[in-house]
Amino acid sequence: MSSDTPVDLLDRVIVDDRRSTPLYIQVGRALRSVIDEHFTDGDQFFTETALVERLRVSRGTVRQALNELSREGRIVRRVRTGTQVCKPKSPWSDMRGYAATQVQTLGVFVAQYDSDLLSAMLEQFAVASRQRNLRFQIYHTHRGQKVADAFRDISSPPDLERIILMSPSSIVELNDALIDSGYRTVAVELPDSGYSGSYVVTDSRMAVHIGIDYLWSLGHRKITLLVNEPLVSPSVQQKVETFKTIAQERRVDGKFHIVTCGTDYWQSSYDSALAHMDEVWPGENGDHPTAIFAVSDPGAWAVLHWLARKGVAVPTDVSVLGFEGAKTSQFTHPSLSTIAHPFEAIARKAVEVLWSDSVMVERLAPNLVVRESTGPAPSLCGSAGNKQSL
C-alpha cells in the first residue's frame, strides 16, 4: 500500500463531463489504476459515499463504475462487510518494467450501449477469466470513435494480453490493428467478409431452423419475421436469408412475411420494433400472422407490450418467439419463449481459441427455451382476434 491514505488517492483522479467518454467509464479507468498500483488482494475498497464526495460525481455514476469493476472480478461487494479488492493470487506485472509473469489479461472490446446480450456475455467472460486466474479488462467503444482512440486504451503489451472483440461496427478494422501490433484476437460477433481472424458465434441459420420447426410443429403457417436489429449485421442477414429459404422450401411464400425496421447500430432495437408494429399487426381487417418471430429478445418484448395494449391475447391469438435468451425474458408477461445463445459455451470456447496457435471458426448450436408466449396456432373457430385473418 502507498504511504498515501487510501482516500487521499482519490484527489489525484480527474473526471471531466466535457469529455466524450461517459463519466462512469472515466471513473472506472481511474479506479482500475488505483487498484493495480495501491491495493492488494482482500483490501477494503472505498465506500460509495467516499467516491461521490471526493470525485464530485453522482451516486449513479459511481455505482455504474463499481458494477463494471465487480463484473470484471476486481472487487467483491458485500452488504455486511462492504467492498473488497480481488486480485489474482499470482503477481501480475504491467508495462512499467516489472518482470513478466505467466499471469495475463483477458481484454474485451465491447460497444457502449445497454444490452442484456452484452451483459450476459461479459459475465461469462469474467467467469472464464477467474477460472484461468486472468485479469479481466473491458474496453468500451463509442459511436464514431476512431480505432486509434480505442486502441490506445489497451493496458498491457501483446505478450501479457489477449483480446475478445464484441464491437460490431468496427471488428474488421480493430482486429487488423490489433493483429498488426502482435495481439491474438477472437471475435464473438459474426464478422464482415473482410475479417480474417478467429471467431466463435451462435449458428444463426440453425437458430432460425429451430425456431421455425418449433412454430411449425404447433401448427403455425403464417409467420412474420421481425427484423428489429441492424440489417447490416452479418448474423441478421443470415437469419433473413434462412427465413426466406425455409419459406420457399415449404411453399408458404405468401404466408411468411418479413418486416424490416431499419435499425442502425447504437439505436434501440426495442423502440424500432415498437415503431413498426402496425406493419406486423395491421388493423382489424388486416391479414394477421399466427406467430411473430423477432430476431432478438428486445424486439419480442416490444411485441408483447404492443399487443397487450391492443388487447391481443398471447399466445391465444398469436404466438411470440424471441432470439437471445436474455435473463429478463423469463419475467415478461407472458414469459417469453426464445432461442437462446449458449453464452457459457461461447465464452469457454473463445478463451480456448485465444490460447490456440491457429485461426479457428466455431459455430455453436443455440437452445430452444419454451415458456408461455408460444402455443398452438389459433384455429378458424379460435379467438376473435384472428378470425378475420384465417
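(A) How the structure looks around the pattern of salt bridges. One pass over the full model with this rule turns up 8 salt bridges. Ionic pairing is found between Glu-48 and Arg-77, a salt bridge with its closest N-O pair at 2.6 Å. Here the residue Glu-48 occupies a position in helix α3 (residues 48-55), and Arg-77 occupies one in strand β1 (residues 75-78), the gap between them amounting to 29 residues. For Glu-48, a relative accessible area of 16% puts it in the buried group. With its nearest N and O atoms 3.2 Å apart, the salt bridge here joins Lys-327 to Glu-123. Separated by 204 residues along the polypeptide, Lys-327 in the loop between β11 (319-324) and β12 (337-340) and Glu-123 in helix α5 (residues 116-131) bring together distant segments of the chain. Using a relative accessible area of 54% as the deciding quantity, one classes Lys-327 as exposed. Among the residues examined, Glu-123 registers a relative accessible area of 34% and is labelled partly exposed. A network of salt bridges, in which partner residues are shared, links Glu-48, Arg-59, Arg-63 and Arg-77.

(B) Highlighting empty space enclosed by the protein. Inspection of every chain in the model, using the stated rule, returns 3 cavities of 30 Å³ or more. What the second largest cavity holds in volume is close to 40 Å³. Lining of the second largest cavity is provided by Ala-207, Val-208, Leu-225, Lys-239, Phe-293, Ala-294, Val-295 and Phe-323. Secondary structure elements with two or more residues in the lining of the second largest cavity: α8 (204-217) and β10 (291-294). For the lining of the second largest cavity, the class distribution of residues is 7 nonpolar, no polar and 1 charged.

(C) Region of the structure containing the packing of aromatic side chains. Going through the model one piece at a time under the given rule, you end up with 7 aromatic pairs. With a centroid separation of 4.9 Å and an interplanar angle of 50 degrees, the aromatic rings of Phe-45 and Phe-46 are classed as tilted. Ring geometry for Phe-243 versus Phe-256: centroids 5.1 Å apart, planes at 25 degrees, classification stacked. One end of the pair, Phe-243, is in helix α9 (residues 234-249); the other, Phe-256, is in strand β9 (residues 256-260), and 13 residues separate them in sequence. Cluster of aromatic residues (ring-pair linked, three or more members): Phe-39, Phe-45 and Phe-46. Between the NZ or CZ atom of Arg-250 and the centre of the ring of Trp-216, over which it lies, the distance is 4.8 Å.

(D) Here's a closer look at the sheet that holds strand β5 (residues 161-166). Here we have 6 strands laid out as an open sheet, ordered β4-β3-β5-β6-β7-β13, and parallel in their pairing. Because the sheet does not close on itself, it has two edges, and the strands there are β4 (135-141) and β13 (361-364). Ignoring strand direction, the axes of neighbouring strands in this sheet form an average angle of 20 degrees. Against the sheet, helix α7 (residues 171-180) touches β3 (105-111), β5 and β6 (185-187), its axis set at about 170 degrees to β5.

How each quantity is defined
Residues numbered from 1 in each chain as written. Predicted model: local features only at pLDDT ≥ 70, side-chain atom pairs only at ≥ 80, totals over all residues. Heavy atoms only, no water. Salt bridge = Lys/Arg side-chain N within 4 Å of Asp/Glu carboxyl O. Helix = DSSP H or I, 4+ residues; strand = E, 2+ residues; numbered from the N terminus. Buried < 20%, exposed > 50% of the residue type's maximum accessible area, 1.4 Å probe, protein only. 1 Å grid on protein atoms, 1.4 Å probe; cavity = no way out; pocket = protein on both sides within 12 Å on 5 of 7 lines; lining within 4 Å. Points joined across faces, edges and corners; volume = space filled by probe spheres on them. Nonpolar A, V, L, I, M, F, W, Y, C, P; charged D, E, K, R; others polar. Phe/Tyr/Trp six-rings, centres within 6.5 Å; stacked < 30°, edge-to-face > 60°. Lys NZ or Arg CZ within 6 Å of the ring centre and 35° of its normal. Pairing = 2+ DSSP bridges. Axes fitted to C-alpha atoms, helices over the stretch in contact; angles between N-to-C directions. Contact = heavy atoms within 4.5 Å.

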